[in-house]
Amino acid sequence: MNIIVTTGQKTTTNFIVKAKSIARQLNATFVPRNNESIDALRGSGKQDIILVVNKQGLVAHTPNGELFFHLNMAQLRIKNLLAGKLDNMVQAMGLQAGMSVLDCTLGLATDAIIESYIVGDEGKVVGLEVSPVTAFIVREGLVQYKTEDPSIQRALERIEVINADYNEYLLQLPDHSFDVVYIDPMFRRPIKESINLQPMRYVADHRAVELSVLHEAKRVAKKCVVMKETNCSSEFKRLQIETVVGGKYSSVNYGVINANK
Ligand SMILES: C[S@@+](CC[C@H](N)C(=O)[O-])C[C@H]1O[C@@H](n2cnc3c(N)ncnc32)[C@H](O)[C@@H]1O
């Protein structure tokens, strides 16, 4: 995947310096914008990702659309939690204030924001993301995004983003390092209506979860390992996950492995 880093059309020296630095870190090419359109910058490299650094943050122009950080469903889920409604992910994790979560598949951090909101200032959320572009966009977005709700703002700021592959990262962690280890892989069969996830799909890692990874995750977890999949998926069976929770009308379920059994 070829990555080109540039700035917005109206830019400043600071953004040019920042874009060059990001290009170096991503092992990508910096191209001065020179008032060019994204299509013109793309030229014949139709599969390329053009990462634009501007005042609004980072935007990756992929052939599937624009990828940028946004709260997605996190705000609505927090509103529902405050209204006393149950969140299936929170229930599956048994999440409470003060707990620590290793979110192995950070993506756009929607789930991680909920985790961080619940665990609060005394807790900890570390998010792993193997796609360097997604990790960059989300790390920057979590710091730059401004909400009017200070508790959501703190939830964003608390999340630690690490650009890493969970297959390797889990191996380095000591036993019982986190209360909960969470894995939300790209679904084997994507849910059709999640059209706004198309740009993320382009940069995401689509590999299936290995059974050996769940064993590592169980070793690392103090309380449980939770994995998300669609409700009709055979993944829970393949991965020998017996406890599956989820709402009757929800399109996704959560497989739960008790770390102490
Ligand atoms: C379905 S998305 C996760 C969505 C996320 N839970 C959210 O709420 O936004 C899966 C993400 O995990 C990442 N991923 C897949 N395999 C990975 C791996 N081995 N290590 C780290 N990240 C991985 C993908 O690149 C993708 O961004």
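See the structure above.
No experiment lies behind these values; they were computed from the predicted model shown. (Residues numbered from 1 in each chain as written. Predicted model: local features only at pLDDT ≥ 70, side-chain atom pairs only at ≥ 80, totals over all residues. Heavy atoms only, no water.)

Draft legend 1. Spatial organisation of the site of the ligand. The immediate surroundings of the ligand are formed by 22 residues, with D111, E129, D165, Y166 and D184 found nearest. Interatomic distance of 3.0 Å between a backbone N/O atom of D205 and an oxygen atom of the ligand. Here the ligand has 600 Å² of accessible area as a free molecule, and 93% of this is covered by the chains. Those elements giving two or more residues to the shell around the ligand turn out to be α5 (110–119) and α8 (166–172). The class makeup of the residues in the shell around the ligand is 12 nonpolar, four polar and six charged. (Near = heavy atom within 4 Å. Polar contact = N/O pair within 3.5 Å; in protein donor to acceptor, adjacent residues only side chain to side chain. Areas by Shrake-Rupley, 256 points an atom, 1.4 Å probe, with all protein chains shown as cover. Helix = DSSP H or I, 4+ residues; strand = E, 2+ residues; numbered from the N terminus. Nonpolar A, V, L, I, M, F, W, Y, C, P; charged D, E, K, R; others polar.)

Draft legend 2. View of the environment of M227. For M227, the position within the fold is in strand β10 (residues 221–230). By relative accessible area, M227 is classed as buried at 1%. In the structure, M227 is positioned 91 residues away from F136 in sequence and 24 Å away in space, judged by C-alpha atoms. Ignoring sequence-local partners within four residues, the contact set of M227 consists of I183, P185, V209, E235, F236, L239, I241, N253, Y254 and G255. (Buried < 20%, exposed > 50% of the residue type's maximum accessible area, 1.4 Å probe, protein only. Contact = heavy atoms within 4.5 Å.)

Draft legend 3. View of the sheet that holds strand β12 (residues 252–258). One open sheet accounts for seven strands, arranged β8-β7-β6-β9-β10-β12-β11; its pairing is mixed. The sheet terminates laterally at β8 (160–162) and β11 (243–245), the two strands that pair on one side only. The mean angle between the axes of side-by-side strands here comes to 20°, regardless of whether they run parallel or antiparallel. Here strand β6 (residues 100–103) pairs with strand β7 (residues 124–128) via four bridges, running parallel. Residue L102 lies in a different strand from β7, and its bridge partner there is V126. (Pairing = 2+ DSSP bridges. Axes fitted to C-alpha atoms, helices over the stretch in contact; angles between N-to-C directions.)

Draft legend 4. Region of interest: the packing of α5 against helix α7 (residues 150–158). Two elements in contact, α5 and α7, have axes whose closest approach is 8 Å; the angle formed by their N-to-C orientations is 115°. Classified by the interaxial angle, the pair formed by α5 and α7 is roughly perpendicular. The two elements α5 and α7 meet at a crossing, and its hand is right-handed. Here I113, S116 and Y117 of α5 come into contact with α7, specifically with S151, I152, A155, L156 and R158. Here the residues of the contact of α5 with α7 are counted per class, giving five nonpolar, two polar and one charged. (Parallel < 35°, antiparallel > 145°, perpendicular 65-115°, else oblique. Left-handed = near helix turned anticlockwise from the far one by under 90°.)

Draft legend 5. Summary view of the layout of surface pockets. Here the second largest pocket is characterised by a volume of approximately 280 Å³. For the second largest pocket, the lining is made up of 13 residues, of which Q240, E242, V256, I257 and N258 are closest to its centre. Residue assignment for the lining of the second largest pocket shows that the elements contributing at least two residues are α10 (211–220) and β12. Looking at the lining of the second largest pocket, the element that brings in the most residues is α10, giving four residues. Classifying every residue of the lining of the second largest pocket by side-chain character gives six nonpolar, four polar and three charged. (1 Å grid on protein atoms, 1.4 Å probe; cavity = no way out; pocket = protein on both sides within 12 Å on 5 of 7 lines; lining within 4 Å. Points joined across faces, edges and corners; volume = space filled by probe spheres on them.)

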